[in-house]
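Summary of structural features
Single-letter residue listing:
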Amino acid sequence: GRLRGDYEEDNTGQDPYILCIAEEDDLPDISQLTVEAFDATAIVLGGDLSGFEKALLEPSVGMWNAYTGVVAYAEVLQGLRSRMKDRLHKVTTILPPRVAEEDVSASDATRIAANSSLILAMARPKQDGQKGIDVVATVELRLQPTDAKIPFSQPWLDSMERKIAKAAGLNASTRDKTLQPYLSN
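Residues numbered from 1 in each chain as written. Predicted model: local features only at pLDDT ≥ 70, side-chain atom pairs only at ≥ 80, totals over all residues. Heavy atoms only, no water.

**Some points on the pattern of salt bridges**
- Counted by the stated rule, this structure contains 4 salt bridges.
- Linking Asp 29 and Lys 126 is a salt bridge whose minimum nitrogen-to-oxygen distance equals 3.1 Å. Of the two residues, Asp 29 sits in helix H1 (residues 27-38) while Lys 126 sits in the loop between strand E2 (118-125) and strand E3 (133-144), which places them 97 residues apart along the sequence.
- Residue Glu 140 pairs with Arg 83 through a salt bridge whose shortest N-O separation is 2.7 Å. Separated by 57 residues along the polypeptide, Glu 140 in strand E3 and Arg 83 in helix H2 (residues 51-83) bring together distant segments of the chain. You'll find Glu 140 and Arg 83 in the same group, each marked buried. (Salt bridge = Lys/Arg side-chain N within 4 Å of Asp/Glu carboxyl O. Helix = DSSP H or I, 4+ residues; strand = E, 2+ residues; numbered from the N terminus. Buried < 20%, exposed > 50% of the residue type's maximum accessible area, 1.4 Å probe, protein only.)

Put into structure tokens, the structure is as follows:
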């Protein structure tokens, strides 16, 4: 978020890193950190290539890696926006989503939870008046079914995978019918 709070510059003259709740304008910087941390490089040329082979292959490999980096960034950014959809454009709150109330069906609770991730970021304002935040770490908190699967970045893809697995008889048995906390970086 807008890195609010009372804090003082550290001994280097820079703003200190603080823990904040991510807002929509923070998501591009968080997406970039995620892509950099998990390295979207698709192809790495081996060191045993001759100079001619490298000169021949490097331009196309560089273009392919740039393309996969852009696609990875777009996927991560869209996934974050999708999973935070119900928290965006609202007053940022750490209150849990409305999934345990009696008037909410189990399918509605799962849908609400899939769109209500809370992302905490360790960040500080970018230096020299640049727009955005300098993020060094993030953690995403969300509720999800306890079906022993790692979630996709897109909630609709999770839902489709669960339906296909169920239709094929491959669905994992749920240990607990309630939504449970899930933490990811």
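**Here's the deal with the side chain of Glu 140**
- Residue class for Glu 140 comes out buried when judged on its relative accessible area of 7%.
- Here Arg 83 takes part through its side chain, which lies 2.7 Å from a polar atom of the side chain of Glu 140.
- Leaving out residues up to four positions away in the same chain, Glu 140 has contacts with Leu 80, Arg 83, Ser 117, Leu 118, Ile 119, Tyr 182, Leu 183 and Ser 184. (Polar contact = N/O pair within 3.5 Å; in protein donor to acceptor, adjacent residues only side chain to side chain. Contact = heavy atoms within 4.5 Å.)

**As for the environment of Leu 88**
- Secondary-structure assignment places Leu 88 in the loop between H2 and helix H3 (106-114).
- Note on Leu 88: relative accessible area 9%, which makes it buried.
- In this structure, the C-alpha to C-alpha distance between Leu 88 and Ser 116, residues 28 residues apart in sequence, is 9.0 Å.
- The contact partners of Leu 88, leaving out residues within four places of it in the chain, are Glu 24, Leu 27 and Arg 81.

**Structural notes on H1**
- In this model H1 runs 16 Å from its N-terminal to its C-terminal C-alpha over 12 residues, within 8% of the 16 Å that 1.5 Å per residue would give.
- Listed as buried for H1 are Leu 27, Asp 29, Ile 30, Ser 31 and Val 35.
- Buried positions along H1 lie against H2, E2 and E3.
- Just downstream of H1, Asp 39 is the residue with a positive phi angle, here 50°. (Expected span 1.5 Å × (residues − 1).)

**Description of the side chain of Ser 31**
- Counting through the fold element by element, Ser 31 comes out in helix H1.
- Under the relative-accessibility criterion, Ser 31 is labelled buried at 0%.
- A polar atom in the side chain of Ser 31 sits 3.4 Å from the backbone nitrogen of Leu 77.
- Ignoring anything within four residues of it in the chain, the contact list for Ser 31 reads Tyr 73, Val 76, Leu 77 and Leu 80.

**Considering the confidence of the model for the protein chain**
- On average, residues of the protein chain carry a pLDDT of 79, and 78% of them reach 70 or more.
- The low-confidence segment residues 1-6 (pLDDT under 50) makes 15 contacts with residues lying over four places distant or belonging to another chain. (pLDDT = per-residue confidence, 0-100.)

**A word on the sheet that holds E3**
- The 4 strands are arranged E1-E2-E3-E4 in an open sheet whose pairing can be described as antiparallel. Only two strands of the sheet have a single neighbouring strand rather than two, namely strand E1 (18-21) and strand E4 (180-184). Strand after strand, the sheet turns through a mean of 25° between neighbouring axes, direction not considered.
- The pairing of E1 with E2 spans 4 bridges and is antiparallel. Residue pairing for E2: Cys 20 is matched across the bridge by Ala 121. (Pairing = 2+ DSSP bridges. Axes fitted to C-alpha atoms, helices over the stretch in contact; angles between N-to-C directions.)

**Some details on H3**
- Of the positions making up H3, those classed as buried are Ala 109, Ile 112, Ala 113 and Ala 114.
- Of the residues flanking the start of H3, the one acting as N-cap is Ser 105, its side-chain oxygen 3.1 Å from the backbone nitrogen of Asp 108.

**Remarks on the environment of Met 122**
- With respect to the helices, strands and loops of the structure, Met 122 is situated in strand E2.
- Distance in space between the C-alpha atoms of Met 122 and Ala 22 is 9.5 Å, their sequence separation being 100 residues.
- Met 122 has contacts with Tyr 17, Ile 18, Leu 19, Asp 134, Val 135, Val 136 and Ala 137, leaving out every residue within four places of it along the chain.

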